[in-house]
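Results of the structural survey
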Amino acid sequence: MAFVLTAVGLSAAVFYVDTFTEIEGAIAVFYVVAMLLAAQATSGTGLFLAAAICGALTLFSYGVTHGHDADLPSAIRLTVALAALFVTTMLLVKTETGRLTLVSTNSALKESEARYRSIFDRTRVALWERDYSKLRTYLMDMKARGVTDIKVQAQVDPTLVDRCVGLIRVVAANEAAHEMLGSDPSSDGTLRRAIIPGQERFLDVLQAIINGARIFEERVEIRTHDGEDKLVLLSIVFPEDPAAFNRVVVSMVDITQREMALKALAEAQAELTKASKAAMVGAMSASLAHELNQPLGAIVVNAQTLLRWLDRDPPDFSAARRSAERMIRDSQRASEIIQNTRGLLSPSSNKLEPIDLDEVLVETMALMEHELQRSGVTVHVARKADIPQISIVKIELQQVLINLVTNAIQAMDAAGSRERNITISAGRPDSEHVNITVRDTGPGITGDVRDKLFAPFFTTKPTGLGMGLSICRTTLEARGGKLDGRNHSDGGAVFEMHLPIKPEVEHA
Ligand code: ADP
């Protein structure tokens, strides 16, 4: 305000002298001083307005004093005064614009600095700004003297690490860094303490500098102020320009908890594997017991028959021979079952092979001849001409078929069914699969049983194990197949296998 008042007063004085006194000279040039004073209080439009007023006053004074007798000297004085006013105004406006740009750039700079400072301070990652310039110079000197392997050098010179730590200066550290180390993270002592003696990681950092690496990132153990060891992910970004080594950003993320969780997870997984192995052994014993029941039973029946043929008078040796041959066949099957179960433990020995479905069906029904005869059950095989060879482990398919047929026989036996038929049919629902169904004329599956049919150890039989269907389904699923059971619309149960012709899964 004082500047404005002085400028107004000065202008009034200049105007008075210029208009009402006889003093000749470029008095109006003094308006320039008034303009300089006004520039301290106003800018832009204000300056133009002041210049216009001063110019108008100059012209008015000229009109009053030289209006009727204008001569060249007075005209030149007027021009000089107006030109001085114009030039001064333009210079003032230009300076003002420059000043304003500088002020706004400066404030943007301050704002940006404040923003980055707040990110640095508030981030949850521990951050340091460290000066590695002295350390770099020291290491580069060493390199120039021929030292390229810092670990070898550290063995020769045990004080090397300590000396190198002493060359690092902490410029700044954030709050998270403070929390992580538990004391002033910018003090040299803290850095020295954080490096656990005997740890080679600090030497790796030194080696990275010698090698001119841009980034160092490693899991490192550090020691806090309280003596607690923490596992952190340390990363250091080295600048490309050696001159910028005085501002290196170092960050640390505490991964102790994460590592502990991973360790606990690995331990839990190992426990689980042990438990599932135990469960598998259990299931396998149950499976063996279940599968061996059938051939062993058949061997006993055949042995009894053989004895009867021999007890005859005269003994029928050719019938006894047939019984003996059946016993051999059933024993071989029992041995195959054992081998196959063992093969489950080393899956590589369980090879898929292309088989002819008809052949397997005939062979399997021959194995069950006794049971079928004893229960008076007839098996019909409904073949379809276009069933191709399927890739499967033969004994597995046989096991499933024997299980399904045995279940059917037992269901019809238990229900005392009058009509005892089993129909095995094969079809091809699409180009990549075949269906095999085993249908009986028994009582079918009751409502409450249906949901638990395939559950391990579920049985409705007094001497049953409840493993058959569960094993069958698991066996087929391991080869990319399926097994389902339902009631047939004409009565009895029907079990359907859905098998890929060329399974992708090689073993369970
Ligand atoms: P298990 O034969 O030892 O009982 P499974 O898993 O083979 O074990 O069968 C489970 C149950 O499913 C049987 O106890 C029976 O109740 C039922 N089941 C299986 N097949 C048939 C079938 N063809 N008809 C009626 N019920 C069946």
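Rules used in this analysis
- Residues numbered from 1 in each chain as written.
- Predicted model: local features only at pLDDT ≥ 70, side-chain atom pairs only at ≥ 80, totals over all residues.
- Heavy atoms only, no water.
- Pairing = 2+ DSSP bridges.
- Helix = DSSP H or I, 4+ residues; strand = E, 2+ residues; numbered from the N terminus.
- Axes fitted to C-alpha atoms, helices over the stretch in contact; angles between N-to-C directions.
- Contact = heavy atoms within 4.5 Å.
- Parallel < 35°, antiparallel > 145°, perpendicular 65-115°, else oblique.
- Left-handed = near helix turned anticlockwise from the far one by under 90°.

What about the sheet that holds strand 11 (residues 482-487)?
Strand order in the open sheet made by the five strands is 7-9-10-12-11, with mixed pairing throughout. Taken across any chain shown, the strands that pair with only one partner, and hence form the sheet edges, are strand 7 (378-382) and strand 11. Going from strand to strand, the sheet's axes swing by 20° on average, the running direction of each strand aside. Bridge analysis of strand 9 (residues 421-430) against strand 10 (residues 433-440) gives seven bridges, and the strand direction is antiparallel. Within the sheet, the bridge partner assigned to Ala426 lies in strand 10 and is Ile436. Of the strands in this sheet, strand 9, strand 10, strand 11 and strand 12 (493-500) are in contact with helix 15 (residues 394-415), which crosses strand 10 at around 25°. Sitting on the sheet, helix 17 (residues 468-478) touches strand 11 and strand 12, and the angle it makes with strand 11 is about 140°.

What to know about the sheet that holds strand 3 (residues 215-223)
Read from one edge of the open sheet, five strands run 2-1-5-4-3, paired in antiparallel fashion. Edge positions in the open sheet fall to strand 2 (169-173) and strand 3, since each of these has one partner strand only. Neighbour-to-neighbour, the strand axes of the sheet open up by a mean angle of 30°, direction not taken into account. Bridge analysis of strand 1 (residues 126-131) against strand 2 gives four bridges, and the strand direction is antiparallel. Looking at strand 2, one finds that Asp131 is bridged to Arg169. Where helix 10 (residues 201-211) meets the sheet, its contacts fall on strand 3 and strand 4 (229-237), and the angle it forms with strand 3 comes to roughly 155°.

Description of the packing of helix 15 against helix 17
Axis angle and axis distance: for two packed helices, these are the angle between their axes and the distance between the axes, and together they describe the pair. One can describe the packing of helix 15 onto helix 17 by two numbers: an axis separation of 10 Å at closest approach and a directional angle of 150°. Compared by their axis directions, helix 15 and helix 17 come out roughly antiparallel. As helix 15 packs across helix 17, the resulting crossing turns out to be left-handed. On the side of helix 15, the interface is formed by Glu396, Val400, Asn403, Leu404 and Asn407, while helix 17 contributes Gly468, Leu469, Cys472, Thr475 and Leu476.

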